[in-house]
Amino acid sequence: MQHTTTPPGGVFDLAGRQVARVGYGAGKLTAFDHDPDAGVALLHAARDLGVDHLDTAQFYGNANDIIRRAFGASDDVTIVTKIGAERVDAPVPIAPAQRPDQLREQVEDNLRSLGRDRIDVVNLRRLDVGPGLRADGDQVVAIEDQLAVLSNLRDEGLIGAIGLSGVSASTTRHALPAGIACVQNAYSLLSRDFEDVFAVCREAGVAWVPFWPLGGALPPGVGNAITSLPTVQNDATVRRVAVELGVTPAQVGLAWLLGRSPNVLVIPGTTSREHLAENVAAGSLELAAEHTAALDALGGTGSLATT
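Everything numeric in this text was worked out from a predicted model, so none of it was measured. Each chain carries its own residue numbering, running from 1 in the written order of its sequence. With pLDDT at 70 or above as the cut-off, local features in this predicted model cover only qualifying residues; side-chain atom pairs require 80 or more to be listed or tallied, and sums for whole chains, interfaces and linings still use all residues. Excluding hydrogens and water, the side-chain values take into account all heavy atoms of the structure.

K.L.:
For this particular structure, what's the right way to read the overall build of the protein?
P.N.:
When helices and strands are counted, the protein shows 10 helices and 13 strands. Here the C-alpha coordinates of the protein stretch approximately 55 × 40 × 40 Å along the principal axes. Buried residues in the protein amount to 54% of all 307 residues. Every residue pair with non-hydrogen atoms within 4.5 Å of one another is taken to be in contact. Considering only contacts within the protein whose residues lie at least 6 apart along the sequence, 72% involve residues at least 24 apart. Where accessible areas are quoted, they stem from the Shrake-Rupley method and a 1.4 Å probe; at the residue level, only the protein chains shown are allowed to cover. As displayed, the protein offers around 12400 Å² of accessible surface, 50% of which is attributable to carbon and sulfur atoms. A run of H or I in DSSP counts as a helix once it spans at least four residues, and a run of E counts as a strand once it spans at least two, with each numbered from the N terminus. Only protein chains enter the calculation, and the probe is 1.4 Å; a residue is then buried if its accessible area is under 20% of its type maximum, exposed if over 50%, and partly exposed in between.

See the structure below:
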């Protein structure tokens, strides 16, 4: 992707492509399962605002189909998907899918649902740390075996690059020689358990893409004891800074993330065009030193990195 003008927030390399640092997380597209045309219109609006980096997953319901309807096989957007879990018909509708054969099958499923011959980046969602599922039995798989199948898929031209999600700093360092394009862990202004992973990415020039950049929660029954992160927009200091700057609390939270390092990409999701425009505009928001200091002081860590 070559930008004729610099998008809000600037750009960073993702799998050899310069993408806007403000992307879009497609998990919210499940709201359009019964009205996919509205989801397509939202994605077109995002692209018009300069968003060219979409983060999705096969287990996000109808998200891939809406992306396919919106962009087809066009290289006008960079598509990142994740594997390592699958939807199941059960009270808890998602289950680990970590075995190498399952990973290959998931990539093939994503290719079909996205209508593409190649996916730009595939993130391996490990189940080691952070909120979410945990692996047991035959789902406990050495990362070397997982990276081997992903490397083969890359060599076959089915994926462009490999990313990681839900990993520790030691796992990230161990995987770097395989060629890692990005890392996604739960991380926000109010939850910074993975500063060590962030540091590894920064030093290696790898994109750091926090999921739940403004907080979030898992559906009931999904995950370990850690099922949510605090909502950034509800914090009193964040709200005060937002009032002083004349912006929204969400914009403050996103701007803080983007200001941490040039390798940070954010992927907020929304179903609202208004919020979409606000998210993109956060890329242009520069926090004054006193505001940054006040927000830095909020940093908290918990048990995400060790659960």
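K.L.:
Could you clarify how one ought to interpret the pattern of salt bridges in this entry?
P.N.:
A side chain of one charge can pair with a side chain of the opposite charge when the charged atoms of the two come close. For this document, the term salt bridge refers to a Lys or Arg side-chain nitrogen within 4 Å of an Asp or Glu carboxyl oxygen. Inspection of every chain in the model, using the stated rule, returns 13 salt bridges. A salt bridge links Asp76 to Arg47; the shortest N-O distance between them is 2.9 Å. Within this pair, whereas Asp76 is found in the loop between helix H2 (63–71) and strand S5 (78–83), its partner Arg47 is found in helix H1 (residues 36–48), the two being separated by 29 residues in sequence. Take Asp76: its relative accessible area is 31%, and that puts it in the partly exposed class.

K.L.:
Mind showing me how you'd approach the pairing of strand S1 (residues 11–14) here?
P.N.:
The side chains of a regular strand alternate, residue by residue, between the two faces of the sheet. The alternating pattern of S1 places Phe12 and Leu14 on a buried face and Val11 and Asp13 on a face that is not buried. DSSP calls a pair of strands paired once it identifies at least 2 bridges connecting them. The pairing of S1 with strand S2 (residues 17–20) spans 4 bridges and is classified as antiparallel. Within S2, the position partnered with Leu14 by the bridge is Arg17. Between S1 and S2, which pair antiparallel in sequence order, lie 2 residues; one of them, Ala15, sits at a positive phi of approximately 55°.

K.L.:
Hey, could you run me through the side chain of Asn123 in this one?
P.N.:
By secondary structure assignment, the location of Asn123 is in strand S8 (residues 119–125). Residue class for Asn123 comes out buried when judged on its relative accessible area of 0%. In this structure Asn123 touches Asp55, Val80, Thr81, Lys82, Ile83, Gly163, Leu164, Cys182 and Gln184, once residues within four positions along its chain are discounted.

K.L.:
Looking at this structure, I do not really get the sheet that holds strand S3 (residues 24–25). What am I missing?
P.N.:
The pairing of strands in a sheet happens through backbone hydrogen bonds and is either parallel or antiparallel. A sheet is described by the order of its strands in space; here 7 strands give the open sequence S3-S4-S5-S8-S9-S10-S11, paired in parallel fashion. Taken across any chain shown, the strands that pair with only one partner, and hence form the sheet edges, are S3 and strand S11 (207–208). Pairing geometry for S5 and S8, over 4 bridges, is parallel. What sits directly across from Val80, in S8, is Val121. Lying over the sheet, helix H3 (residues 100–114) contacts S5, S8 and strand S9 (159–165), oriented at roughly 145° with respect to S5. Geometry is summarised by axes, namely lines fitted to C-alpha atoms with helices restricted to the contacting stretch, and by angles between N-to-C directions that run from 0 to 180 degrees.

K.L.:
Please explain the packing of aromatic side chains as it appears in this structure.
P.N.:
Any two aromatic rings considered together are summarised by their centre-to-centre distance and by the angle between their planes. Pairing of aromatic rings covers Phe, Tyr and Trp, the last counted by its six-membered ring, and requires centre-to-centre distances within 6.5 Å; plane angles under 30 degrees mean stacked, over 60 mean edge-to-face, and any other angle means tilted. Under the criterion given, the structure shown has 6 aromatic pairs. Ring geometry for Tyr187 and Trp208: centres 5.5 Å apart, planes at 75°, overall edge-to-face. Residue Tyr187 is located in the loop between strand S10 (180–184) and helix H6 (195–204), and its partner Trp208 is located in strand S11; the two are separated by 21 residues in the primary sequence. Assigned by exposure class, Tyr187 and Trp208 land together as buried. Centre to centre, the rings of Phe198 and Trp208 are 5.5 Å apart; their planes meet at 15°, and the pair counts as stacked.

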